[in-house]
Amino acid sequence: MAITWGGSTSYGLKVGIEPSVSGTTATMKVYVYSSQIVSTNYGELYLSGGWSGSKGSISFTGPTTKLIHTGSTSYVGTKTFTAVFKIPSLGLSVSVSKEVTVQSASDPTLSPNTITLGDSITVSTNRKSTSYTHTIAISFGSISQTLATGVATSYVWTPDVATFSKVIPNATSGTGKLTLTTKSGSTTVGSSSTNFVLKVPSSATPSINSIFVSDSSNNPYGMLKSMSTIHVEVSSSGIYNSTISSTKVVIGSISFSGSSVSTPADVEGIIPISVTVTDSRGRTATGTSSVTVLPYADPTNFYGEVSRLNSTTGIIDPFGTSGKVELSFLLPEVGISDYTYTVQIYKMLTTDTDWVLYDEDVDLPYESGQKNYNITINNIPKDQSVGVRFMVLTPLT
């Protein structure tokens, strides 16, 4: 702004005020000028109105313009500033007054100030003058953006879901700041701020990419009770920079923690599997699967009896040269098709040093139930005893 002068024709003395305004701060510079005073004199300055105070022993020599005081004050509205300059030795007193208006910056309001990302916020500038325009900027975590310039009364902002969710990977909401800078023409009047809250939408949950179920015992006949190990491998991922913090797997009624878990297949039937993953925001996702465990058990209930017989009459004879062998065993139900079993009969005479294979039935069709075997052993020396052992073999025993 230009200097406003006030003065007297005596000695050509005058005093001036040069105001400047920045935001809500007004700064005043006071000048003295004389066209005729050429010797050094001492003056006094008195301030009143929008400011107050005094200053004495001001050295002054004309004809020059001299800055004798600078003062600042903050306010909003209009104030009148008065400066009086006196040179007592010459009986001179001059004064000047200047009215200075400081305009206030607009105060923004948000409706609403808490939203779910993807929804919209209306920014109202509440401007104090129709000549005002505004720049709207936001900060949120590591993001700083200018949303709009030259805004008059309002602006609608729709924050992007992905952009702002990624800034808060460990929380479901965050607080940001909106700053409204007010301008009158090219002059910045001031700035004011208000907070807002952005929430990650409830639909932003982690994902279960796959649930892979296998038999970690590598059993070639499928998942078998008591023979197999159920292994579950879970692949999952977070969303918008979140990370997976925990994975819970329930196999049947047994709960496990981790994305790679195993447990013995000790129950037959359809075994349900459920998976829950939790991400760094505390959001969860669930998935299900199942595995069929087939029945299986090894042959059991073995029984064997050997009787020596007269080889001619077939009557029991403790010195007979033949033997009657009666065997029985149980083949439990198994869930394997095209399964087989083999029966081996071994004998050992008194003079033998090891068991000798006497008879063998190989790859018999497997049908569950009680099985009975009756065989005859011939050519047993009268002076030797005979022992019999039998084995029932399956591909898994």
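Structure's up top.
First things first, this report covers the structure right here in the doc.

Quick notes on the rules
Residues numbered from 1 in each chain as written. Predicted model: local features only at pLDDT ≥ 70, side-chain atom pairs only at ≥ 80, totals over all residues. Heavy atoms only, no water. Helix = DSSP H or I, 4+ residues; strand = E, 2+ residues; numbered from the N terminus. Rg over C-alpha atoms; globule rule 2.2 N^0.38 Å. Buried < 20%, exposed > 50% of the residue type's maximum accessible area, 1.4 Å probe, protein only. Contact = heavy atoms within 4.5 Å. Areas by Shrake-Rupley, 256 points an atom, 1.4 Å probe, with all protein chains shown as cover. Lys, Arg positive; Asp, Glu negative; His and termini not counted. Charge placed at Lys NZ, Arg CZ, Asp CG, Glu CD. Pairing = 2+ DSSP bridges. Axes fitted to C-alpha atoms, helices over the stretch in contact; angles between N-to-C directions.

1. Re the overall build of the chain
Along the backbone of the chain there are one helix and 29 strands. For the chain, whose C-alpha radius of gyration is 52 Å, the value lies well above the compact-globule estimate of 21 Å for 397 residues. Dimensions along the principal axes, computed over C-alpha positions, put the chain at roughly 170 × 40 × 25 Å. Within the chain, buried positions represent 37% of all 397 residues. Sequence separation of 24 or more characterises 61% of the internal contacts of the chain that already satisfy a separation of 6 or more. For the chain, the accessible area works out to roughly 20,000 Å², and carbon and sulfur atoms hold 47% of it. The chain carries 23 positive and 25 negative side-chain charges, and their two centres are separated by 36 Å.

2. Describing the environment of T276
Within the secondary structure, T276 sits in strand β22 (residues 269–279). Spatially, the C-alpha atom of T276 lies 16 Å from that of H231, the residues being 45 residues apart in sequence.

3. Here's the deal with the sheet that holds strand β2 (residues 13–22)
Overall, antiparallel pairing links the four strands, which are arranged β1-β2-β3-β6 in an open sheet. Looking along the sheet, the strands with just one partner apiece sit at the ends: β1 (4–7) and β6 (65–74). Ignoring which end each strand starts from, the neighbouring axes of this sheet average 20 degrees apart. Strand direction decides the pairing type here: β2 and strand β3 (residues 25–34), joined by ten bridges, are antiparallel. Bridging from a neighbouring strand, L13 pairs with S34 of β3.

4. Quick word on the pairing of strand β13 (residues 143–151)
Relative to β13, strand β12 (residues 132–140) runs antiparallel, the two sharing six bridges. The residue bridging S139 from the neighbouring strand is S144, located in β13.

5. Focus on the pairing of strand β25 (residues 322–331)
With seven of ten residues buried, β25 is to be regarded as a mostly interior element. One ladder, built from eight bridges, connects strand β24 (residues 300–309) with β25; its direction is antiparallel. Bridging from a neighbouring strand, V306 pairs with V325 of β25. Relative to strand β28 (residues 369–377), β25 is paired through nine bridges, and the arrangement is antiparallel.

6. What to know about the sheet that holds strand β17 (residues 207–215)
Strand order in the open sheet formed by three strands is β17-β18-β21, with antiparallel pairing between adjacent strands. Two strands bound the open sheet, and with one partner strand each, they are β17 and β21 (260–264). The mean inter-strand angle of the sheet, taken between neighbouring strand axes irrespective of direction, is 15 degrees.

7. Description of the environment of N378
The residue N378 is located in the loop between β28 and β29 (386–393) in this model. Residues contacting N378, with those up to four places away along its chain left out, are T321, S322 and Y358.

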